[in-house]
Amino acid sequence: MIKGRIAGIGSYVPENVLTNEDLSKLVDTSDEWIYTRTGISNRRITKEENTSDLAAKAAEKALENAKISPLEIDLIIVATTSPDALTPATAAIVQNKIGAKNSACFDVLAACTGFIYGLKIANSFIKSGDYNNILVIGAEALSKIIDWKDRNTCVLFGDGAGAIVLSKTSGDGISSVDIGTDGEKNEYILCKSHPINNPINKVEKDILGKMSMNGKEVFKFAVNIIPRLINKLLEDNNIKIQELDYIVPHQANNRIIELAAKKLDVDVDKFYMNLEKYGNTSSASIPLALDEMNKKGLLKNGQKLALVGFGGGLTYGSSLIIWNKN
Ligand code: UT7
């Protein structure tokens, strides 16, 4: 059966490091609070590079890793919550930056689950026979939508990008991708666009919003949805949890993962974490972690990886991948 496989992977983070110590000079917080409540020590924040710059750099590395030319890319999907602009799509800007002029381009907004949503769309296009090579990029310059006076959110997030080339195969690859949304909870993670401001409804201040979050509710949602998604993935693919080599979760909070592991009755070490260095990079977090695993030589053909994500929407998603990369 035709499906997608990850033929190339790459990532990029801006060079500026913002430590917990640095944050304690901006808001009433401490390294101790941030580290013990989340597991985060550092995050990267961009100075001049926008989301499309981070995305293009990750994409170029993924193309190099896949050993294919940008001209062979049929479609670029950028998953982002922090696009360069409301229009054009960040994917179109990336196309221009990397010279992938034979590709169609669009963005996906599914917050921290964006990469898994992008993977679902890309895999479906490949299965349909329409496309052979698709770039799926998770990229965020979240620092521009953070309220740097709000200690509830500003300590959590970071900037970065991860990209994969998904290519057609009749062998191992993407076995399943499952996505969903609980729209009743849409206000739990919020960053508003312009208010309605037109000749029949004038507003005094027309500004773009900053991010706000009901952290406690998102925490509860995440601790419940991760085991539910993993159990469904195991059932749908008729495998046991012991057969999974790694679970690669959205990197939001170590305590969420510890509680989810407990519910699943599985060793927490099965979850690959790199949150400490990068914080929560939203749609970039899963491909950033996957690229790090690949560079460390942890990934071998035939291994079973489960991706699992959750975030604004509230969206959620999972994927089973049988690793198959040259
Ligand atoms: O990608 C998906 C997006 N988001 C998430 O996954 C976030 C999920 N939620 C979380 O990770 C956690 O809820 C947080 C890390 C955001 C917060 O941890 P918590 O253990 O739920 O803390 P809390 O909100 O219950 O706050 C406990 C106390 C409060 O003080 P009082 O009311 O007990 O006096 C907060 O005001 O900690 C205070 N607090 C802080 N103190 C120092 C909140 N943020 C900070 C801070 N530094 N940065």
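Residues numbered from 1 in each chain as written. Predicted model: local features only at pLDDT ≥ 70, side-chain atom pairs only at ≥ 80, totals over all residues. Heavy atoms only, no water.

(A) Region of interest: the pattern of salt bridges. Counted under the stated rule, the structure contains ten salt bridges. A salt bridge links D291 to K295, with the shortest nitrogen-to-oxygen separation between them at 2.6 Å. Residue D291 and its partner K295 are both found in helix 10 (residues 285–295); the two are separated by four residues, about one turn of the helix. What makes K295 exposed here is its relative accessible area of 60%. Of the charged contacts, one joins K296 and E292 as a salt bridge, the two residues approaching to 3.8 Å between their closest N and O atoms. Residue E292 is classed as buried on the basis of its relative accessible area of 12%. If you follow the salt bridges from partner to partner, you end up with D178, K232 and D236 in one network. (Salt bridge = Lys/Arg side-chain N within 4 Å of Asp/Glu carboxyl O. Helix = DSSP H or I, 4+ residues; strand = E, 2+ residues; numbered from the N terminus. Buried < 20%, exposed > 50% of the residue type's maximum accessible area, 1.4 Å probe, protein only.)

(B) Spotlight on the sheet that holds strand 5 (residues 104–108). Reading across the sheet, the five strands line up as 1-7-6-4-5 and stay open at both edges, with mixed pairing between neighbours. Looking at strand neighbours, the two that pair on one side only are strand 1 (3–12) and strand 5, the edges of this open sheet. Strand after strand, the sheet turns through a mean of 20 degrees between neighbouring axes, direction not considered. Direction of pairing for strand 4 (residues 75–79) relative to strand 5: parallel, over a ladder of five bridges. Bridging across to strand 5, I76 finds its partner in C105. (Pairing = 2+ DSSP bridges. Axes fitted to C-alpha atoms, helices over the stretch in contact; angles between N-to-C directions.)

(C) Region of interest: unusual backbone geometry. That bond from T87 to P88 is cis: its omega, 5 degrees, falls within 30 degrees of zero. Following the sequence through the fold, P88 ends up in the loop between strand 4 and helix 4 (90–98). Residue L314 follows G313 across a cis peptide bond; omega there is -10 degrees. We note that S282 has phi near 50 degrees; this positive angle belongs to a residue other than glycine. We classify S282 as buried; its relative accessible area is 3%.

(D) View of the packing of aromatic side chains. Scanning all chains against the criterion turns up two aromatic pairs. Look at F125 and Y131: their rings are 5.1 Å apart centre to centre, the planes differ by 50 degrees, and that puts the pair in the tilted class. Between the aromatic rings of F221 and Y316, the centroid separation amounts to 6.2 Å while the plane-to-plane angle is 55 degrees, which identifies the pairing as tilted. Pair noted here: F221 is in helix 7 (residues 215–237) and Y316 is in strand 13 (residues 315–322), with a separation of 95 residues, a long-range link. (Phe/Tyr/Trp six-rings, centres within 6.5 Å; stacked < 30°, edge-to-face > 60°.)

(E) Seen up close, the site of the ligand. By nearness alone, 23 residues border the ligand, and T29, K216, H250, N253 and N280 come closest of all. H250 places a polar side-chain atom, nitrogen or oxygen, 2.7 Å from an oxygen atom of the ligand. Here the ligand loses 75% of its free accessible area of 950 Å² to cover by the protein chains. Where the shell around the ligand is concerned, the elements lending two or more residues are helix 2 (31–38), helix 6 (151–154), helix 7 and helix 8 (254–264). Broken down by element, the residue count for the shell around the ligand peaks at four residues, all from helix 7. For the shell around the ligand, the residue count by class is eleven nonpolar, seven polar and five charged. (Near = heavy atom within 4 Å. Polar contact = N/O pair within 3.5 Å; in protein donor to acceptor, adjacent residues only side chain to side chain. Areas by Shrake-Rupley, 256 points an atom, 1.4 Å probe, with all protein chains shown as cover. Nonpolar A, V, L, I, M, F, W, Y, C, P; charged D, E, K, R; others polar.)

(F) Representation of the environment of G180 in the model. Its location among the elements puts G180 in strand 8 (residues 174–181). For G180 and K97, which are 83 residues apart along the polypeptide, the C-alpha to C-alpha distance reads 32 Å. Not counting the four nearest positions on each side in its chain, G180 is found in contact with Y117, L314, T315 and Y316. (Contact = heavy atoms within 4.5 Å.)

(G) Spatial organisation of the nonpolar core. Core analysis: the largest hydrophobic core is formed by 45 residues, its most contacted members being I226, I230, L244, I256, F271 and F310. The element contributing the most residues to this core is helix 7, with eleven residues. Contacts of F310, omitting those with residues within four sequence positions, involve C112, T113, F221, A222, I225, I226, H250, A252, I256, T315 and Y316. Formed by 30 residues, the second largest nonpolar core is a distinct cluster that contains I9, I77, I164 and L305. (Core = buried A, V, L, I, M, F, W, Y, C linked by side-chain atoms within 4.5 Å.)

Read these as spatial facts, not as claims about activity.
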